[in-house]
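The residues making up each chain are set out below.
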Number of protein chains: 4
Amino acid sequence: MSHHGNIAHMIEAHPSKGGASNDKLQSLLESLHECAAVCTGCADACLAEEMVADMRGCIRTDLDCADICAATARVAGRQTKPDAQILRAMVQACQTACQRCGSECDQHASKMEHCKICAEVCHRCEEACRSFLGA
Amino acid sequence: MSHHGNIAHMIEAHPSKGGASNDKLQSLLESLHECAAVCTGCADACLAEEMVADMRGCIRTDLDCADICAATARVAGRQTKPDAQILRAMVQACQTACQRCGSECDQHASKMEHCKICAEVCHRCEEACRSFLGA
Amino acid sequence: MSHHGNIAHMIEAHPSKGGASNDKLQSLLESLHECAAVCTGCADACLAEEMVADMRGCIRTDLDCADICAATARVAGRQTKPDAQILRAMVQACQTACQRCGSECDQHASKMEHCKICAEVCHRCEEACRSFLGA
Amino acid sequence: MSHHGNIAHMIEAHPSKGGASNDKLQSLLESLHECAAVCTGCADACLAEEMVADMRGCIRTDLDCADICAATARVAGRQTKPDAQILRAMVQACQTACQRCGSECDQHASKMEHCKICAEVCHRCEEACRSFLGA
């Protein structure tokens, strides 16, 4: 609650904004931060599973997706002197990472609650990236 | 809202937890993620200020605090085979970073809304670190 | 020296490798790590310039490029259960970031040694990404 | 080679330095960047081991150490408006992380070449942190 509020407030408090809101950006940033945190948690939960040997692909993709979402959140969150080419390339890479990680977690979602949550969050972030790029 | 929910859900969904909640950890993680995002935003907003030359110290401390909060969130978020020494050392470093960054932003809070928000978030995260270490 | 040696040794020591070298990957990783470090340094050096107001675009692009190179180094450095789609998308985004950041630093290279070094390193990393994608 | 050269060059090219070298800082930064890269590689190599279930603690500590070294490299690499309290707290946390990760990898060093390399690199980075703090 306060978290979402403050990300939104920071977007609005930027000198270039004059207090204007930016719903698309806010929605993207919230999805990216959530996905980075949840993928880090899913990698860790998979590592604790008894069948960890079967979770290697999921752990690896979770780690990749967490790193990519975190970097994308930083790039997209900066509003000073933006470079549209870098931003678009990075959001596209993030969309791909979220799609792939969501698909991987889908395969384990029926057995593992953490993969079920992670799949949902990844697919939502994938959609936020797509929506942002289409805007 | 969904963000907070999912961070909490991931903590509970970890194989070692059996669905138990962990309010101290959840509160710490939320504060750390928020502070990392807000400090990244404050550094960027300071950079766009007309008086950017006066904001060098704030930009630099924001960047440090963002990096430290993000790393601490990853370390604290992992529940598999935790190492108490690493965790404590890192949360202590984070408490220091948040205290220092909050103090720096306090100095600009009356003139810049982004520093006002950032100061509040830093001090809340500092307190979350202190509370976690005392638990 | 020891740095380069150990990145190469870690690639060869991976269980899937059987001690085989991978020159393309090694070269990419070295470029990515170097570029992440140098862009972080260039952003910081630009911030200390008397004409910091004129360096806003360079600082911002340096920060983006540092974040993207660091994330790409992590993704590319993982050899367990690789996902070619994520890897390619991320290296492409990194190539774009290095190209853009190199061009930005080129504009200041005649006046600032740090931008001259950063431009060279970015263009070398851009080429390492292109070469890796073409392999 | 070029990597080490350019990290050193960036330190010297900072406006506050006037071309002066800083051997302690350069040595710390090289150790931190190397350790972050090698720990990321060791976590990935451990994940591919047949006995991955026995490597959970090592993977987790590698991931922590990689995150902490990477953040410390960023903080220590910034020379504009440094905050000695943040820097010392972070280098101390990093020293602890490297000591713990080096000890963990020591236990597997006789059987796994990647843990042998990682243990050496962690202990060298631990020593670089200690030396920097004592300077």
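About the criteria used
- Residues numbered from 1 in each chain as written.
- Chains lettered and ligands numbered in written order.
- Predicted model: local features only at pLDDT ≥ 70, side-chain atom pairs only at ≥ 80, totals over all residues.
- Heavy atoms only, no water.
- Helix = DSSP H or I, 4+ residues; strand = E, 2+ residues; numbered from the N terminus.
- Rg over C-alpha atoms; globule rule 2.2 N^0.38 Å.
- Least-squares fit on C-alpha atoms with pLDDT ≥ 70 in both.
- Contact = heavy atoms within 4.5 Å.
- Buried area = accessible area lost by both parts, 1.4 Å probe.
- Salt bridge = Lys/Arg side-chain N within 4 Å of Asp/Glu carboxyl O.
- Axes fitted to C-alpha atoms, helices over the stretch in contact; angles between N-to-C directions.
- Parallel < 35°, antiparallel > 145°, perpendicular 65-115°, else oblique.
- Left-handed = near helix turned anticlockwise from the far one by under 90°.
- Nonpolar A, V, L, I, M, F, W, Y, C, P; charged D, E, K, R; others polar.
- Disulfide = S-S within 2.5 Å.
- Buried < 20%, exposed > 50% of the residue type's maximum accessible area, 1.4 Å probe, protein only.
- pLDDT = per-residue confidence, 0-100.
- Polar contact = N/O pair within 3.5 Å; in protein donor to acceptor, adjacent residues only side chain to side chain.

S.K.: Looking at this structure, I do not really get the overall build of chain A. What am I missing?
M.R.: Looking only at helices and strands, chain A features five helices and zero strands. When the helices and strands of chain A are read in sequence order from the N terminus, they spell out α-α-α-α-α. Taking 14 Å as the expected radius of gyration for a compact globule of 135 residues, we find that chain A reaches 16 Å, a close match to that expectation. Dimensions of chain A along its principal axes, counting C-alpha atoms only, are 55 × 30 × 20 Å.

S.K.: Can you help me understand the relation of the copies chain B and chain D in this one?
M.R.: Mapping between the two chain copies consists of a rotation about an axis together with a translation along that axis. With an RMSD of 0.0 Å, chain B superimposes on chain D once it is rotated by 180 degrees and translated 0.0 Å along the axis. Accordingly, the operation relating the two chain copies is best matched by a two-fold axis. The fraction of interface residues of chain B whose copies in chain D are also interface residues reaches 100%, indicating that both copies meet through the same surface.

S.K.: What is the right way to look at the relation of the copies chain A and chain B in this model?
M.R.: Placing chain A over chain B gives an RMSD of 0.0 Å and needs a rotation angle of 180 degrees, together with 0.0 Å of translation along the axis. Most of the interface of chain A is mirrored in chain B: 100% of its interface residues are interface residues there too.

S.K.: Any chance you could explain the interface of chain B and chain D here in plain terms?
M.R.: Accessible area lost upon the coming together of the parts serves often as the stated size of an interface. In this complex, chain B contributes 26 residues to the contact, which on the side of chain D involves 26 residues. Across the chain B to chain D interface the summed buried area is about 2,400 Å²; carbon plus sulfur atoms make up 61%. Taken as a group, Arg60(B), Arg78(B) and Ile86(B) account for 26% of the area that chain B buries against chain D, more than any other trio of residues on that side. On the surface where chain B and chain D come into contact, there are eight salt bridges. Of the charged contacts, one joins Asp67(B) and Arg78(D) as a salt bridge, the two residues approaching to 2.7 Å between their closest N and O atoms. Elements represented by at least two residues in the side of chain B that touches chain D include exactly helix H3 (56-77) and helix H4 (84-106) of chain B. Of all the elements, H3(B) adds the most residues to the side of chain B that touches chain D, at eleven residues.

S.K.: Help me understand the packing of helix H2 (residues 23-47) of chain B against H3(B), please; the structure alone is not making it clear to me.
M.R.: Two quantities define a packed helix pair, namely the angle between the axes and the distance from one axis to the other. All names here are of chain B. Contact geometry of H2 with H3 gives a least axis separation of 8 Å together with a crossing angle of 155 degrees. Between H2 and H3, the crossing angle belongs to the class labelled roughly antiparallel. Relative to H3, H2 is oriented so that their crossing is left-handed.

S.K.: Is there a simple way to explain the interface of chain A and chain B in this structure?
M.R.: Across the boundary between the two partners, chain A contributes 37 residues, which contact 37 residues of chain B. Roughly 3,000 Å² is buried in total at the junction of chain A and chain B, and carbon and sulfur atoms are behind 63% of that figure. Summed over the shared surface of chain A and chain B, the number is two salt bridges. Put simply, Asp67(A) and Arg74(B) hold a salt bridge, and the shortest N to O gap is 2.7 Å. Here the side of chain A that touches chain B takes twelve residues from helix H2 (residues 23-48) of chain A, the largest share from any one element. Classifying every residue of the side of chain A that touches chain B gives 15 nonpolar, 13 polar and nine charged.

S.K.: Would you explain the packing of H2(A) against helix H5 (residues 113-134) of chain A in this entry?
M.R.: All names here are of chain A. One can describe the packing of H2 onto H5 by two numbers: an axis separation of 9 Å at closest approach and a directional angle of 150 degrees. Compared by their axis directions, H2 and H5 come out roughly antiparallel. The handedness of the crossing between H2 and H5 comes out as left-handed. In this structure, H2 contributes Lys24, Leu25, Leu28, Ser31, Leu32, Glu34, Cys35, Val38, Cys39, Cys42, Ala45 and Cys46 to the contact, and H5 contributes His114, Cys115, Ile117, Cys118, Val121, Cys122, Arg124, Cys125, Ala128, Cys129, Ser131 and Phe132. Here the contact of H2 with H5 is built from residues that sort into 18 nonpolar, three polar and three charged.

S.K.: I'm lost on the environment of Ala89(B) in this one. Help?
M.R.: Checked against the element boundaries, Ala89(B) lands in helix H4. What Ala89(B) contacts, discounting residues up to four positions off in sequence, is Ala93(D) and Thr96(D).

S.K.: Explain the state of the cysteines here, please?
M.R.: As used in these notes, a disulfide is a covalent bond between sulfur atoms, one from each of two cysteines. Under the counting rule described, the total for this entry stands at zero disulfides over all chains. Cys115(C) takes part in no disulfide bond, and the closest cysteine sulfur to it belongs to Cys42(C), at a distance of 3.9 Å. Judged by its relative accessible area of 0%, Cys115(C) is buried. The cysteine Cys94(D) is free of any disulfide, with Cys69(D) supplying the nearest cysteine sulfur at 3.7 Å.

S.K.: Please clarify how the side chain of Asp62(A) should be interpreted in this entry.
M.R.: Mapped onto the secondary structure, Asp62(A) falls in helix H3 (residues 56-77). Those residues in contact with Asp62(A) that lie beyond four places of it in its chain are Cys39(A), Cys42(A), Ala43(A), Cys46(A), Cys101(A), Cys105(A) and Cys118(A).

S.K.: What is the right way to read the pattern of salt bridges from this model?
M.R.: Any two side chains of opposite charge can pair, on the condition that their charged atoms come close. Counted according to the given criterion, the structure contains 40 salt bridges over all chains. Several salt bridges share partner residues, and in doing so they unite Arg60(A), Asp64(A), Asp67(A), Arg74(B), Arg78(B), Arg74(C), Arg78(C), Arg60(D), Asp64(D) and Asp67(D) into one network.

S.K.: Help me understand the confidence of the model for chain A, please; the structure alone is not making it clear to me.
M.R.: If pLDDT is low for a region, its predicted coordinates should not be looked at in detail. Per-chain confidence: chain A averages 94 in pLDDT, with 95% of residues scoring 70 or above. Across the assembled chains, the prediction reports ipTM 0.95 with pTM 0.96.

S.K.: Just to check I follow, could you spell out the side chain of Thr40(D) for this structure?
M.R.: Checked against the element boundaries, Thr40(D) lands in helix H2 (residues 23-48). Other than its neighbours up to four places away in sequence, Thr40(D) contacts Arg74(C) and Ala66(D).

S.K.: Whenever I open this one, the environment of His14(C) confuses me. Can you help?
M.R.: Residues and elements named next belong to chain C. Relative to the assigned elements, histidine 14 resides in the loop between helix H1 (2-13) and helix H2 (23-47). Residue classification places histidine 14 among the buried residues on the basis of a relative accessible area of 2%. Put simply, histidine 14 and arginine 78 are 64 residues apart on the chain and 9.5 Å apart in space, counted from C-alpha to C-alpha. Here the side chain of histidine 14 touches serine 16 through a polar contact of 2.9 Å, side chain to side chain. Within the local environment of histidine 14, its side chain forms a polar contact with the side chain of threonine 80, the two groups lying 2.9 Å apart.

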